[in-house]
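# Working through the structure, step by step
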Amino acid sequence: MSALLATLPGHYYTSGDLFAAEQANIFESRWFCTVRSADLAEPGRFRKVQVGRESVLLVRGRDGLLRAFLNVCRHRGAQLCTESEGQVRRSLRCPYHSWTYGLDGRLMAAPNIGTLTDDAGSPIDRQRYGLVPVALTEWLGYAWVCLADVPPPFEDVVAEATATLGDADAINRYGIGGLDVGHRVVYEVAANWKLIVENFMECYHCSSIHPELVGVLPEFTKGVAAQANVGRGAEFGSQVQGFTVDGAAGFGRLPGLTEDQDRRYYAITVKPTVFVNLVPDHVIFHRMYPLAADRTVVECDWLYPRDVLNSGQDMSRSVELFHRVNEQDFAACERTQPAMSSRAYRNGGVLVPAEHHLAVFHEWVLSRLAAAV
Amino acid sequence: MSALLATLPGHYYTSGDLFAAEQANIFESRWFCTVRSADLAEPGRFRKVQVGRESVLLVRGRDGLLRAFLNVCRHRGAQLCTESEGQVRRSLRCPYHSWTYGLDGRLMAAPNIGTLTDDAGSPIDRQRYGLVPVALTEWLGYAWVCLADVPPPFEDVVAEATATLGDADAINRYGIGGLDVGHRVVYEVAANWKLIVENFMECYHCSSIHPELVGVLPEFTKGVAAQANVGRGAEFGSQVQGFTVDGAAGFGRLPGLTEDQDRRYYAITVKPTVFVNLVPDHVIFHRMYPLAADRTVVECDWLYPRDVLNSGQDMSRSVELFHRVNEQDFAACERTQPAMSSRAYRNGGVLVPAEHHLAVFHEWVLSRLAAAV
Amino acid sequence: MSALLATLPGHYYTSGDLFAAEQANIFESRWFCTVRSADLAEPGRFRKVQVGRESVLLVRGRDGLLRAFLNVCRHRGAQLCTESEGQVRRSLRCPYHSWTYGLDGRLMAAPNIGTLTDDAGSPIDRQRYGLVPVALTEWLGYAWVCLADVPPPFEDVVAEATATLGDADAINRYGIGGLDVGHRVVYEVAANWKLIVENFMECYHCSSIHPELVGVLPEFTKGVAAQANVGRGAEFGSQVQGFTVDGAAGFGRLPGLTEDQDRRYYAITVKPTVFVNLVPDHVIFHRMYPLAADRTVVECDWLYPRDVLNSGQDMSRSVELFHRVNEQDFAACERTQPAMSSRAYRNGGVLVPAEHHLAVFHEWVLSRLAAAV
């Protein structure tokens, strides 16, 4: 009766009920990566993002702080912002009845506010009827929010995500927070978010679908993923000059890197929805927005030092490598999604030894769903 | 712990189950306004309307009576009419197997009807296999139908709807049944029908979104609705000549009106789906067709005396005022709908004093749903 | 209290839950007709079909045998084939991780297959990780598959379907397996599959909607279906020369037919999803693919002897007759579907005596659903 290690059963990838449970217990309960902080540099600049089932508004205050709120007026519930991004001067005004909030969320004004009293006849509490705040922290230049009443410690997220790099300081040497977005692509993927995570975590598929990536990282032909073993990464081929679609030279090494971070590719997964790819001259950063059991949006940023971007050099071969990897990966995930509802996958598929670390991800998902009670 | 009065919790505006309960216990159990009787003036003229989950056929008989039936052949269930409106001569013939019904619903003919016997061998009962009748009454020139086995007294609907006019005879003086449709617009609104009712009932939003309306009715800047107090309505501004988009003169006063009905706007809500707006020279009549928890069709008629319509005068400024109000209101409702599923609205929003009469509507909805058992 | 015989209640035609039960207990449990075998004549030729909720792959082996498999890789579940049809040389290779299967389903190769061991450390069992086979048999030139663990005897399907022909050998004389597809049309029908079966089984509607068919088979004006009585069929009108849209001559009589099969139309229903229409010079063969409670795809083949097809004669009048019948029937079914959710059809409609044999089909459906328990 011995057999290969099993994956999650197929219905974990198709059930609307399980996806709703993931919304509640994963995306709305863990730290969720939203916007690049620098995209909201000036006071009053805002962006609307979907976090689980909630519309969340991120806005830069006049005090320079970035804050997050539920995008809902406290009066009769109109959405404060319907545009995906924009800029206001000093306040957020609901267009329905003109309730007006400061950039810190406090209720500043409302028509006849002087006459508004609670059921005890007292003037209304402007704090109580302020916008509902959402916890926010910044890391790697991105704003991470958490809808839980008691957010889990963010340090645990960092520690767990960076463990495979071997060295707690390794990721800091890339200086990701100081890089600029050189290119951004948004992909719509007709697949469950967990298929995308699993695909990112293993490299047994690399030789089948990623000819360009394997050209740069020839050891990927062996099928062992960069994040399968602690501190390893993957080494550039001896003839390869840079992490580009044809192995041609890229750009200068990021200033803080150590010698053993040169000519190597590292990758980490920040559960639930972020992948970070580290190469000597840039960083590729993926954020997922799971929208349904079979639909996920992936936003991918290519991050470079500002002086490289300002130099006028041709970025196309640098960007093209991972853009192709993305398209190849998402096509594979979309091909897999329909089979998740087959009786052939009722008890799941199997993991080969090079994929055994995926079981850790599966256990994490199961534990999060079990935590729901 | 004192707080502002709460609205209904958000899931009342999004739940498919609650909407199904509303279909059963409100739209299919109360009097529901369907067509303008005059639209079906000639014998054989018919129109198909959606009442809750049912397709209902209204048809003018050769005896001049308007009748309503379920739009379903009693034999194998084909829809008798698939067109939204039309005209037949003397009968409604199902095109599938040619069962043929009189305009009074009686089964007139069927292929081999002479050989059709029931399971006791008797000839079939043509009344029993006639079209399923639906109760119908006429008021204000419209046909109101009720799918309940025992329809509630229509007088109660009239009394409740007109109570805020103060005077039981006030609405009759407008002679609405004798007016003609001068203009009709059908709006598709991506919002729950109750948001549209609430929006119509209050005027706290008027100064925020209705500049033209407030121009004509300046007291609306105070946020007090015309139907918040008995017999008040709202007075035209002193410089205003008529109920038009720019306050220019409208048409002559409707013949039956009293002096205190001149230069005033009155409004009533006929629950569940009708709004009537009364001004000295015309009437604006809204009918809603709730199609889903988040989708409602609103049909709006502008009604004028026939001689005004025949006079060739320009109607555009008269029509434009409420057309803009409609577009402004429905945009606000559509902006509110998405937030109904937010945790910020889990226990609802709040009502300011000028909106307190909305709570009566909320109680009515809850009592109807509770009546369902 | 006596009444006409009732049909199934309306919710049998609209409920998603009942449709799911039909998927499990009918389409995925009985023999289901898929492809014309001759469409997959050469080794490596494959076609993907939907059987209930499963994607099934039919492929001709190098040994000449036609086989069926679930279209799912045993490793991580990618669909082996996403095209609807095609041809491979000697194997089916999953493009995600390159697991490769023989045309007989056996796992032939996988990257690092030598190192893949089960949890007891033994080399993996290539049979165990082969494609999941699906039972297949051939009849009338079509491949019938069954997803049940223990398929019911196919002889029972044949015996029940052909019983109304009166003579067990009658269908064989048409030599259907040896005919060629002269024309094929795929219809998308917005109706429940059972409405399509019921429509096919009765002829009470023929005089209402099938003028061309009644022109060729004038006894159909009486409303008695060809399959209502054993061995009867329906006779061509005396002036009719052939089974064509205008009664003009068709082609020569099929070689094996007896005299009493000439100038007659016969029809059988092979439950759940096949109709076969037999006329002296050709055969019209319908296969249904039920996709949802209110959506069914019907594929219709017109089958002729090869020499007729090769002769260059004009097929259009021969094909046009049943193409019109199909369009007329499917329009009637689509008109009926919406009324299935009406309260008027809550307990079903009624069957006239000429439709009483439909009750046998209804009982069969109920017994299949009850068998599910």
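Computed from a prediction, not measured in an experiment: that's the story for all the values here.

A few words now on helix α2 (residues 154–162) of chain C. Residues and elements named next belong to chain C. Those residues of α2 that fall on the buried side of the exposure criterion are F154, V157, A161 and T162. Buried residues along α2 cover an arc of 105° about the axis, so they all sit on one side. Looking at the buried side of α2, the elements it contacts are β10 (133–139), β11 (142–146) and β14 (264–270).

Attention now goes to the relation of the copies chain C and chain A. What connects the two chain copies is a rotation about an axis and a shift along it. In screw terms, the move from chain C to chain A is a rotation of 120° and a rise of 0.0 Å along the axis, fitting with an RMSD of 0.0 Å. Given the turn and translation reported, the copies of this chain are related as if by a three-fold rotation axis. Ranked by how close their C-alpha atoms come to the rotation axis, the residues of chain C are headed by G16 of chain C, at 8.7 Å.

Bringing empty space enclosed by the protein into the picture now. All names here are of chain A. Under the defined criterion, the tally for this structure stands at six cavities of 30 Å³ or more. As a volume, the largest cavity reaches approximately 220 Å³. As for the largest cavity, its lining consists of 23 residues, of which N199, F200, Y265, F322 and D329 are closest to the centre. Put simply, the parts of the chain that give the lining of the largest cavity at least two residues each are α3 (193–201), β14 (264–270) and α7 (316–336). Element by element, the count of residues in the lining of the largest cavity is highest for α7, at five residues. Looking at the lining of the largest cavity, its residues break down into 15 nonpolar, six polar and two charged.

A few words now on the state of the cysteines. Counting across every chain of the model gives three disulfides over all chains. One disulfide bridge connects C203 of chain B with C206 of chain B, the sulfur atoms lying 2.1 Å from each other. Every disulfide takes its handedness from the sign of the S-S torsion; for C203 of chain B and C206 of chain B that torsion is -115°, giving left-handed. Here C300 of chain A is not cross-linked by a disulfide; its sulfur's nearest cysteine counterpart is in C33 of chain A, at 12 Å. This cysteine, C146 of chain C, is not joined by any disulfide, and C33 of chain C carries the nearest cysteine sulfur, 13 Å off. Exposure remark for C146 of chain C: the relative accessible area of 2% places this residue in the buried category.

With that settled, the discussion passes to the pattern of salt bridges. Under the counting rule described, the total for this entry stands at 72 salt bridges over all chains. Between E219 of chain A and R232 of chain A there is a salt bridge; the shortest N-O distance is 2.9 Å. A residue pair is termed long-range when its members are at least 10 positions apart, and E219 of chain A in the loop between α5 (211–216) and β13 (234–235) and R232 of chain A in the loop between α5 and β13 qualify at 13 residues. D301 of chain B is paired through a salt bridge with R287 of chain B; the nearest N and O atoms lie 2.9 Å apart. With D301 of chain B in strand β17 (residues 295–304) and R287 of chain B in strand β16 (residues 282–292), this pair connects stretches of sequence that are 14 residues apart. You'll find D301 of chain B and R287 of chain B in the same group, each marked buried. Among the charged side chains, a salt-bridge network with shared partners connects D39, R47, R184, R287, E299 and D301 of chain A.

Attention shifts here to the packing of aromatic side chains. In the structure shown here, the tally under the stated rule is 57 aromatic pairs over all chains. For the ring pair F32 of chain C and Y289 of chain C, a centre distance of 6.1 Å and an interplane angle of 50° mean the geometry is tilted. Here Y289 of chain C lies in strand β16 (residues 282–292) and F32 of chain C lies in strand β2 (residues 32–36), a separation of 257 residues in the sequence. A residue is classified by how much of its surface remains accessible, and Y289 of chain C, at 9% relative accessible area, is buried. Joined through ring pairs, the aromatic side chains of F19, F27, F32, W193, Y289, F361 and W364 of chain A make up one cluster.

What follows concerns the sheet that holds strand β7 (residues 91–93) of chain C. All names here are of chain C. Taken together, three strands build an open sheet; the order of strands is β7-β8-β9 and the sheet is antiparallel. One side of each edge strand has no neighbouring strand; the edge strands of this open sheet are β7 and β9 (107–109). Direction aside, the axes of adjacent strands within the sheet are offset by 35° on average. Pairing between β7 and strand β8 (residues 100–102): three bridges, direction antiparallel. Looking at the pairing, R93 lines up with T100 of β8.

Moving on to the pairing of strand β4 (residues 54–60) of chain A. Residues and elements named next belong to chain A. Of all seven residues that make up β4, seven are buried, and the element is covered over most of its length. Burial along β4 is two-sided: E54, V56, L58 and R60 facing one way and S55, L57 and V59 facing the other are all buried. Note that strand β3 (residues 45–51) and β4 share six bridges and pair antiparallel. Pairing of R47 across the sheet is with L58, part of β4. As consecutive antiparallel partners, β3 and β4 are separated by two residues, and within that stretch G52 has a phi angle of approximately 60°, a positive value. Where β4 and strand β5 (residues 66–70) come together, five bridges link them in antiparallel fashion. Within the sheet, the bridge partner assigned to V56 lies in β5 and is L70.

At the junction of the two partners, chain C supplies 31 residues and chain B supplies 33 residues. Summed over both partners, the interface of chain C with chain B comes to about 2600 Å²; 51% of that surface belongs to carbon and sulfur atoms. In terms of surface lost to chain B, no three residues of chain C exceed Y204, R335 and R343 of chain C, which account for 28% of the buried area on that side. Our count for the chain C to chain B interface comes out at four salt bridges. Here chain C is connected to chain B by 17 residue pairs in polar contact (both at pLDDT 80 or more). Breaking the side of chain C that touches chain B down by element, the ones donating at least two residues are α3 (193–201), α4 (206–209), α7 (316–336) and β18 (350–351) of chain C. In terms of residue count, the dominant contributor to the side of chain C that touches chain B is α7 of chain C (three residues). Classifying every residue of the side of chain C that touches chain B gives 16 nonpolar, nine polar and six charged.

All names here are of chain A. Here chain A is described as being made up of domain 1 (31–151) and domain 2 (166–370). Once you take the C-alpha centre of each, domain 1 and domain 2 turn out to be 33 Å apart. Taken together, the contact between domain 1 and domain 2 spans 15 residues of the former and 20 residues of the latter. Summed over both sides, the interface between domain 1 and domain 2 buries roughly 1300 Å², with carbon and sulfur atoms accounting for 61% of that surface. The largest share of the area that domain 1 buries against domain 2 comes from R36, L140 and Y142, three residues that together contribute 38% of it. Here domain 1 is connected to domain 2 by two salt bridges. On inspection of domain 1 and its partner domain 2, the count reaches seven residue pairs in polar contact (both at pLDDT 80 or more). Elements with a minimum of two residues in the side of domain 1 that touches domain 2: β2 (32–36), β3 and β11 (142–146). Ranked by the residues each element gives to the side of domain 1 that touches domain 2, the list is headed by β2, at five residues. Class assignment of the residues belonging to the side of domain 1 that touches domain 2 gives a composition of nine nonpolar, three polar and three charged.

Criteria and thresholds
Residues numbered from 1 in each chain as written. Chains lettered and ligands numbered in written order. Predicted model: local features only at pLDDT ≥ 70, side-chain atom pairs only at ≥ 80, totals over all residues. Heavy atoms only, no water. Buried < 20%, exposed > 50% of the residue type's maximum accessible area, 1.4 Å probe, protein only. Helix = DSSP H or I, 4+ residues; strand = E, 2+ residues; numbered from the N terminus. Arc of directions from axis to C-beta. Contact = heavy atoms within 4.5 Å. Least-squares fit on C-alpha atoms with pLDDT ≥ 70 in both. 1 Å grid on protein atoms, 1.4 Å probe; cavity = no way out; pocket = protein on both sides within 12 Å on 5 of 7 lines; lining within 4 Å. Points joined across faces, edges and corners; volume = space filled by probe spheres on them. Nonpolar A, V, L, I, M, F, W, Y, C, P; charged D, E, K, R; others polar. Disulfide = S-S within 2.5 Å. Salt bridge = Lys/Arg side-chain N within 4 Å of Asp/Glu carboxyl O. Phe/Tyr/Trp six-rings, centres within 6.5 Å; stacked < 30°, edge-to-face > 60°. Pairing = 2+ DSSP bridges. Axes fitted to C-alpha atoms, helices over the stretch in contact; angles between N-to-C directions. Buried area = accessible area lost by both parts, 1.4 Å probe. Polar contact = N/O pair within 3.5 Å; in protein donor to acceptor, adjacent residues only side chain to side chain. Domains from an automatic or database assignment.

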